[in-house]
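Next come the chains, spelled out residue by residue.
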Amino acid sequence: MSAASLRRAARESVAGLPRAFWWLWTSTLVNRLGAFVATFMTLYLTLDRGYSASFAGLVVALHGLGGVVSSLVAGVMTDRLGRRPTLLAAQASTAFSVALLGFMEHPAAIAAVALLVGMTSNASRPAVAAMMADIVRPEDRVRAFALNYWAINLGFAVSATAAGLIAEYSYLAGFLGEAALTLACAVLVFVKLPESRPEGGGAGASGASGAASGRTGGGSEIGLGTVLRDGRFMGVVGLSFLISLIFTQGSVGLPVAMGSAGFSPGDYGLVIAVNGLLIVVLQIPVTGFIEHRDPQKLLVVSALLAGYGFALTAFAGPLWAYALTVCVWTLAEIVNSPTQMSLVVRLSPVHGRGRYQGVYTMSWAVAALVAPLMAGFMIDRWGAGRLWAATGVLGTVAAAGYWLLMRNLPDGDRGTDPAAAGVAAGPKAAEALPCAPAPAEPLPAPGPNPVPDPGPNPVPAPVRAG
């Protein structure tokens, strides 16, 4: 493909998205550039502070537990207070808690603040997803979520390299650096992003019915109970949990299995680097290919690729074979993430998007808790081969689930009737926010994505959720 063709493809990938989306995208990128704690928590506790691997695992689990709790709370805040206030509160409190964690000395204090960091850092996700759904036209959402996921992985690739160098100098500098960048995100949100919540989406000033609900297009109240009783949506949440269990094995089961096979932590770093590098290089062109294709088929195929991509690890011998299996399940990740995020928005009533996104985010947070326990138990009791066989089974179950749940799925979003919901559907969905023409130049060329040496007895950091 010629350079002119590549430039044209890049322009098409970013064309037509509103200005507010690009500020939100920039905020995501800056936030991920400062991702120090999630990447180096285990090494900080075991190598710098001298704690055991089991204590490090406990702290990482508490960090994940904080994400489970905040997913629901932040979802309600997103609908009641608005997207912008929730983002500001989440990012400002994350900056404070991350800086505080760097100064903690006592094990109990470290564990408590790690829980707080998990709560605050995860709280922005429902608001980001809801705001993106508000300001981007339905036909552009797969592309928008793919670009956001690309920013997450690009930021991770850069931060992993920079954070490794910073950690050699000072772990405290890493904590303070993440706090500074997160605070910069809060300032960016405050200055550049207007509120995008549809009119009538907040709770009333008083009254029991308004205290805990948004409203659908038909006027019915939406509380967390409404979300949990939504059978089709909760089916998607359950399938997301299964997919998350599979993908999390890249940072949980894979390093343990490779270590047992005689590979060094550096070998694992090289293999897992393939994941981030492929996402940075392929996310945009692959999204252009899948954007207008049947989401049911895409989710079925991605679930099978994920399950059997990890299952192939059981037959990997040399290092290149492990890298090849990573290529297979990374392709599944590239297809699944934006497609599933778009499906979640499609199933979410306009005035309940925050709550729906909160419950969806919780599926990834719970998987981050369960996956280490699942991998540890199965490897210790039966060996890594059984774990990889289990991923194949999970992928098959998820594929069947997507096929069943998406049969006869109505077209369009839920609760988007303009007269009832107070927000326009289709091309006018983002008219309340200023738009900018597509950037004249393509996005910056991605660089390499080295992953830091996880060290002995690696304990996984929380999964990178889409």
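Residues numbered from 1 in each chain as written. Predicted model: local features only at pLDDT ≥ 70, side-chain atom pairs only at ≥ 80, totals over all residues. Heavy atoms only, no water.

Counting its regular elements, the protein chain contains 18 helices and two strands. Burial status across the protein chain gives 54% buried among its 466 residues. Counted over contacts in the protein chain with a minimum sequence separation of 6, partners at least 24 positions apart contribute 85%. (Helix = DSSP H or I, 4+ residues; strand = E, 2+ residues; numbered from the N terminus. Buried < 20%, exposed > 50% of the residue type's maximum accessible area, 1.4 Å probe, protein only. Contact = heavy atoms within 4.5 Å.)

What follows concerns helix α2 (residues 19–33). Turn by turn, an α-helix covers 3.6 residues, leaving residues three or four places apart pointing in a common direction. With 15 residues, α2 should reach 21 Å at 1.5 Å per residue; the first-to-last C-alpha distance of 21 Å fits that figure. Turning to α2, its buried residues are Ala20, Phe21, Trp22, Leu24, Trp25, Ser27, Thr28, Leu29 and Arg32. (Expected span 1.5 Å × (residues − 1).)

Phe21, Phe233 and Leu254 are the most contacted members of the largest nonpolar core, which has 81 residues in total. Ranked by the residues each element gives to this core, the list is headed by helix α16 (residues 353–382), at 10 residues. Discounting residues that sit within four places of it in the chain, phenylalanine 21 has contacts with Met132, Ile135, Val136, Ala144 and Leu147. Counting 23 residues, the second-largest nonpolar core is a separate cluster that includes Phe40, Ala56, Tyr171 and Ala179. (Core = buried A, V, L, I, M, F, W, Y, C linked by side-chain atoms within 4.5 Å.)

It is worth spelling out the packing of helix α11 (residues 231–248) against helix α15 (residues 319–346) at this point. Contact geometry for α11 and α15: axes closest at 12 Å, N-to-C directions at 160°. One way to sum up the angle between α11 and α15 is to call them roughly antiparallel. As for how α11 packs across α15, the hand of that crossing is left-handed. Contact residues: α11 offers Phe233, Val236, Ser240, Ile243 and Phe247, while α15 offers Trp329, Ala332, Glu333, Asn336, Gln340, Leu343 and Val344. Looking at side-chain class alone, the contact of α11 with α15 contains eight nonpolar, three polar and one charged residues. (Axes fitted to C-alpha atoms, helices over the stretch in contact; angles between N-to-C directions. Parallel < 35°, antiparallel > 145°, perpendicular 65-115°, else oblique. Left-handed = near helix turned anticlockwise from the far one by under 90°. Nonpolar A, V, L, I, M, F, W, Y, C, P; charged D, E, K, R; others polar.)

For the protein chain, per-residue confidence averages 77 on the pLDDT scale, and 78% of positions sit at 70 or higher. At the low end of the mean pLDDT range in the protein chain sits helix α18 (residues 418–421), at 33; at the high end sits helix α14 (residues 295–311), at 95. Predicted confidence for residues 416–466 stays below pLDDT 50, and this span has 116 contacts to residues more than four positions away or in other chains. (pLDDT = per-residue confidence, 0-100.)

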